[in-house]
Amino acid sequence: MTGKTISHYKVLEKLGEGGMGKVYLAEDTKLNRKVALKFLPPGFSNVGVNGNSPKERFKIEAQAAAALNHPNITTIYAIEEFEDEMFIVMEFIDGRELKDLISGAGLASTLTISEIINIIAQIAEGLKAAHDKNIIHRDIKSANIMVTGSLHVKIMDFGLAKVKGSDIQLTKEHSAMGTAAYMSPEQTKGEEVDHRTDIWSLGIVLHEILTGELPFKGDYEQAVIYSILNEDPKSIIELREDTPLQLINIIEKTLKKDPANRYQELSELIDALRIVDDPENSPIQKTVTPTIAVLPFTNMSTDKDQDYFCDGIAEDILNDLTRIEGLHVVARTSSFKIKGKDLDIREIGIKLGADTIVEGSVRKAGNRLRITAQLINVADSFHLWSERYDRELEDVFSIQDEISNNIVQSLKIRLSIKEKQDIEKVKTQDVQAYDFYLRGRAYDHQGHSNSQKYAINMFSKAIEKDRNFALAYAGLANSYSQFYMYYDKNKDILNKALNASQKALELDPELADAYSSRALALSQNGQFDEAVKKFEKAIQINPKFFEAYYQYARICRSHGKKEQALGLFEKASGIRPEDYEAALFLVSAYNDLKMNTEMETANLRALDVVRKHLNLNPDDSRALYLGAGALIKAGEIEEANQWIERAVALDPDEVAVLYNAACIYSELGKVDEALGYFERAIETGFASKEWIDNDSDLDPIRDHPRFQNALKNLNK
């Protein structure tokens, strides 16, 4: 072909060859300019797809690309035919393929982060122009990106492009086309794809240019596809240490296996890239609240049964920090799941979405206590502050206050007078009472019927040691209320909850926990209006009191106050966006009010939250059964079945698991299974008729005679 003149194009040299054609450099003798000519490959002319000839597909490619007028997309000049050979005349790019630059010149190690972001942003801008014209590329890869010496980017090869809404397909419907290592999960399975498949592929290119490696690899194509479908990429931190946390988050989001969890539009990705590249001038970045995670402190004592004590110290520091305006604190339910995981600080920061990390250790020997603590910046692993405390055991309270204050000073946050008073407020002077209180709190967090009994015992022992310990009374009241609410409708239990919460209020009229515990007890006693006043007072004292919003919302929902519940779940989820329970109950609140659009959006976010939680704690039965409901709403029926089966297998006799299994199977239309689990839940002790009456998940089985008979047993 070289030296041949076709029409008025003199072929100078062959530039390359791919599955959809050969490309030559030529001179346009009429306009005296260099162009690129793309021809169908030999023997390709007789192959048809969906009744469309290769020539027809070739025309569509040219028409699709020609419709795009963008500086980051190769310009199409014409489509012509010569001696029964059809070819596209297009802009000649004097540059190199991005893939050659990465592999040949070590581009991944020589480009700055800013230059990498610039290249990816240009590709994204070009793809956005295509998407705006309803054109999906479907074969984005580093070999299809040309880069000039000035790092200007041009997207090439729309040979696998799909024109949305067109009756003509360029490739077989539902076929897995593209280059395996860059294909999205849905593409590998031959499913219908949309613009989000290009977003995935762009994430692959970003990973490749940043690290010099592809995230999904294998010795053969099926091995690569298996990796795409089933495996997570290697940590980017290990491959390139200077990668900003925000850029790692961007890559992780583009490579979500479920398209619903990726960026939904390229404009979102472009905005995120701009923030990373120029945080000082980004109005979005300036309004972001700094996020801190407090990890459970490591037990360095010879007595290995001191984990509850170490966790309790860390949790009290976490609770102190939670009260501070202008600081977001990762919830205990997330940060404490890191315990025992072999992760470095940057990986922890990425998983928790934290800018800074508090970690420490505790050595307890007799009446002596050694506590070390440090505040670490996630981005560079730099220690912002660290300290060691060698004190007597009774000094534990002042140590916690010092740690909290030092963290605040290191983060350059100015405390209000009230915030400073809250941090330095003395909980109890009795170390033994505090020890029992920490044990009670540890049991309370486990959330099972037996653990609530143990929590009640520990809180009671704390009170025996210190009759003025308001927090212990509040904890005791909460445990009694929870036990009465779900497991045993014995009035004596409710009275104990009422008495303990009242005592907590008398001891400390400014304790938000006391008002919240009082509200929960009153709500169980049928005093809904009084409970509302106490919840509101708790929130007034501590506007960031997640538990108050969350319990208040649940009580409103159980009393049929659906609009009020929705607003409270929204606030709870806003305070702790990483909390899967609040996120999932928000979905239910939208569902209760038939707000389908809002429900679908919230459900996608909730699924992302619960999946992150399960990645850290795969045996959390509560996350599994609550998450199963979100999977049903997302149409992931098979996975929903798997999750509820796992939850039941993990805790086959736990009443909350049985009740929620009934809800899930009811939603799935499995009537016999739903009724069986509902009956078992009632027999095992589930006692909240108000919740049952307002739980829409049970509507499909509510009129069944077996359901009604089980309710009669509940009322006995």
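Above this text is the structure in question.
Source: prediction; values computed, not measured.

Student: What am I meant to see in the overall build of the chain here?
Tutor: In terms of helices and strands, the chain carries 32 helices and 17 strands. Per-residue burial over the chain gives 55% buried out of 716 residues. Restricting the contact set of the chain to residue pairs at least 6 apart, pairs at least 24 apart contribute 61%. Surface exposure of the chain reaches about 31000 Å², of which carbon and sulfur atoms provide 46%.

Student: Explain unusual backbone geometry to me, please; I cannot follow it from the model alone.
Tutor: Excluding glycine, most residues fall at negative phi; most peptide bonds, likewise, are trans. For Ser 7, which is not glycine, the phi dihedral falls at a positive 55 degrees. Residue position: Ser 7 is located in the loop between β1 (5-6) and β2 (9-18). On the basis of relative accessibility, which here comes to 39%, the residue Ser 7 falls in the partly exposed class. Unlike most non-glycine residues, Asn 134 shows phi in positive territory, near 65 degrees. Among the secondary structure elements, Asn 134 is positioned in the loop between α4 (113-132) and β8 (135-136). Take Asn 134: its relative accessible area is 39%, and that puts it in the partly exposed class.

Student: In this structure, what is going on with empty space enclosed by the protein? I would like to understand it.
Tutor: If you walk through the whole model with that rule in mind, you get 2 cavities of 30 Å³ or more. If you add up the space inside the second largest cavity, you get close to 40 Å³. What lines the second largest cavity is simply Tyr 308, Asp 311, Gly 312, Glu 315, Arg 332, Leu 438, Arg 441, Ala 442 and His 445. Residue assignment for the lining of the second largest cavity shows that the elements contributing at least two residues are α12 (307-322) and α17 (431-446).

Student: Which parts of the structure should I look at to understand the sheet that holds strand β9 (residues 145-147)?
Tutor: Sheet strands pair by backbone hydrogen bonding; their relative direction is either parallel or antiparallel. Sheet architecture is open: 3 strands sit in the order β7-β9-β10, paired in antiparallel fashion. Sheet topology places β7 (96-97) and β10 (153-155) at the edges, where each strand pairs with a single neighbour. Relative to β9, β7 is paired through 2 bridges, and the arrangement is antiparallel. Within the sheet, the bridge partner assigned to Glu 97 lies in β9 and is Met 146.

Student: Whenever I open this one, the packing of aromatic side chains confuses me. Can you help?
Tutor: Aromatic ring pairs are reported here in terms of the distance separating the ring centres and the angle at which the planes meet. Across all of its chains, the model carries 15 aromatic pairs by this definition. Here the aromatic rings of Tyr 550 and Phe 569 are separated by 6.3 Å at their centres, their planes lie at 65 degrees, and the arrangement is edge-to-face. Of this pair, Tyr 550 sits in helix α23 (residues 546-558) while Phe 569 is found in helix α24 (residues 562-575), placing the two residues 19 residues apart along the sequence. Owing to a relative accessible area of 8%, Tyr 550 belongs among the buried residues under this scheme. Between the aromatic rings of Phe 569 and Phe 585, the centroid separation amounts to 5.6 Å while the plane-to-plane angle is 10 degrees, which identifies the pairing as stacked. Linking Phe 569 in helix α24 with Phe 585 in helix α25 (residues 580-592), this pair joins segments that are 16 residues apart in sequence. For Phe 569, a relative accessible area of 0% translates into the label buried. Residue classification places Phe 585 among the buried residues on the basis of a relative accessible area of 7%. Here the aromatic cluster, defined as three or more aromatic residues joined through ring pairs, consists of Tyr 9, Tyr 24, Phe 39 and Phe 87. Of note, Arg 33 hangs over the ring of Tyr 77, and the distance from its end group to the ring centre comes to 3.7 Å. Positioned above the aromatic ring of Tyr 263, the side-chain terminus of Lys 253 is 4.8 Å from the ring centre.

Student: In this structure, what is going on with the packing of helix α15 (residues 396-410) against helix α16 (residues 417-424)? I would like to understand it.
Tutor: Interhelical geometry of α15 versus α16 gives an angle of 145 degrees and a closest axis separation of 9 Å. Facing α15, whose interface residues are Asp 401, Ser 404 and Asn 405, α16 presents Lys 420, Ile 423 and Glu 424. For the contact of α15 with α16, a count of residues per class yields 1 nonpolar, 2 polar and 3 charged.

Student: Mind showing me how you'd approach the environment of Pro 71 here?
Tutor: Relative to the assigned elements, Pro 71 resides in the loop between α1 (54-66) and β5 (76-82). Classification of Pro 71 by relative accessible area gives partly exposed; the value is 49%. Linking Pro 71 and Gly 126, residues 55 residues apart in sequence, is a C-alpha distance of 7.4 Å. Ignoring sequence-local partners within four residues, the contact set of Pro 71 consists of His 152, Val 153 and Lys 154.

Student: Just checking my understanding: could you explain the pattern of salt bridges for this structure?
Tutor: Any two side chains of opposite charge can pair, given that their charged atoms come close. Summed over all chains, the structure comprises 35 salt bridges. Residue Arg 702 pairs with Asp 699 through a salt bridge whose shortest N-O separation is 3.0 Å. Owing to a relative accessible area of 44%, Asp 699 belongs among the partly exposed residues under this scheme. Salt bridges sharing common partners tie together Glu 315, Asp 316, Arg 332 and Arg 441.

Student: Mind showing me how you'd approach the environment of Pro 705 here?
Tutor: Within the fold, Pro 705 resides in helix α32 (residues 705-715). When the C-alpha positions of Pro 705 and Leu 675 are compared, they lie 9.8 Å apart, and in sequence the two are 30 residues distant.

Student: How do you make sense of the nonpolar core when you look at a structure like this?
Tutor: Here is a general trend for soluble globular proteins: nonpolar side chains tend to be buried in one another's company. Residues Phe 297, Phe 309, Leu 321, Phe 678 and Ile 692 are the most contacted members of the largest nonpolar core, which totals 149 residues. Top element by residues in this core is helix α19 (residues 470-486). It accounts for 12 residues. Ignoring any residue separated from it by four or fewer positions in sequence, one finds Ile 692 in contact with Tyr 659, Phe 678, Ile 682, Phe 686, Leu 698, Arg 702, Phe 707, Leu 711 and Leu 714. Counting 68 residues, the second largest nonpolar core, distinct from the first, contains Ile 135, Val 147, Ile 155 and Leu 269.

Student: Explanation requested: the side chain of Gln 524 in the structure shown.
Tutor: Tracing the sequence through the fold places Gln 524 in helix α21 (residues 512-524). With residues up to four places along the chain from it excluded, the contact list for Gln 524 reads Ser 481, Tyr 484, Met 485, Lys 489, Leu 494 and Ile 555.

Student: Hey, could you run me through α4 in this one?
Tutor: Because an α-helix packs 3.6 residues into every turn, residues spaced three or four apart end up facing the same way. Taking 1.5 Å per residue as the helical rise, α4 with its 20 residues ought to reach 28 Å, and the 28 Å between its terminal C-alpha atoms agrees with that figure. Burial within α4 is extensive, with 14 of its 20 residues counted as buried. In the segment just after α4, Asn 134 is the residue with positive phi, at about 65 degrees.

Student: Sorry if this is basic, but what is going on with the pairing of strand β12 (residues 291-294) here?
Tutor: Regular strands place side chains that alternate from one sheet face to the opposite one. Side chains Thr 291 and Ala 293 of β12 all project onto a buried face; the interleaved residues Ile 292 and Val 294 project onto the opposite face, where all are buried too. Bridge count between β12 and strand β14 (residues 328-329): 2 bridges; the pairing is parallel. Residue pairing in the sheet places Thr 291 in a bridge with His 328 of β14. Sheet topology places β12 next to strand β15 (residues 356-365); 3 bridges connect them, and they run parallel. Its bridge partner being in β15, Val 294 is matched across the sheet by Val 358.

What counts and how
Residues numbered from 1 in each chain as written. Predicted model: local features only at pLDDT ≥ 70, side-chain atom pairs only at ≥ 80, totals over all residues. Heavy atoms only, no water. Helix = DSSP H or I, 4+ residues; strand = E, 2+ residues; numbered from the N terminus. Buried < 20%, exposed > 50% of the residue type's maximum accessible area, 1.4 Å probe, protein only. Contact = heavy atoms within 4.5 Å. Areas by Shrake-Rupley, 256 points an atom, 1.4 Å probe, with all protein chains shown as cover. 1 Å grid on protein atoms, 1.4 Å probe; cavity = no way out; pocket = protein on both sides within 12 Å on 5 of 7 lines; lining within 4 Å. Points joined across faces, edges and corners; volume = space filled by probe spheres on them. Pairing = 2+ DSSP bridges. Phe/Tyr/Trp six-rings, centres within 6.5 Å; stacked < 30°, edge-to-face > 60°. Lys NZ or Arg CZ within 6 Å of the ring centre and 35° of its normal. Axes fitted to C-alpha atoms, helices over the stretch in contact; angles between N-to-C directions. Nonpolar A, V, L, I, M, F, W, Y, C, P; charged D, E, K, R; others polar. Salt bridge = Lys/Arg side-chain N within 4 Å of Asp/Glu carboxyl O. Core = buried A, V, L, I, M, F, W, Y, C linked by side-chain atoms within 4.5 Å. Expected span 1.5 Å × (residues − 1).

Shape is all these values report; function is a separate question.
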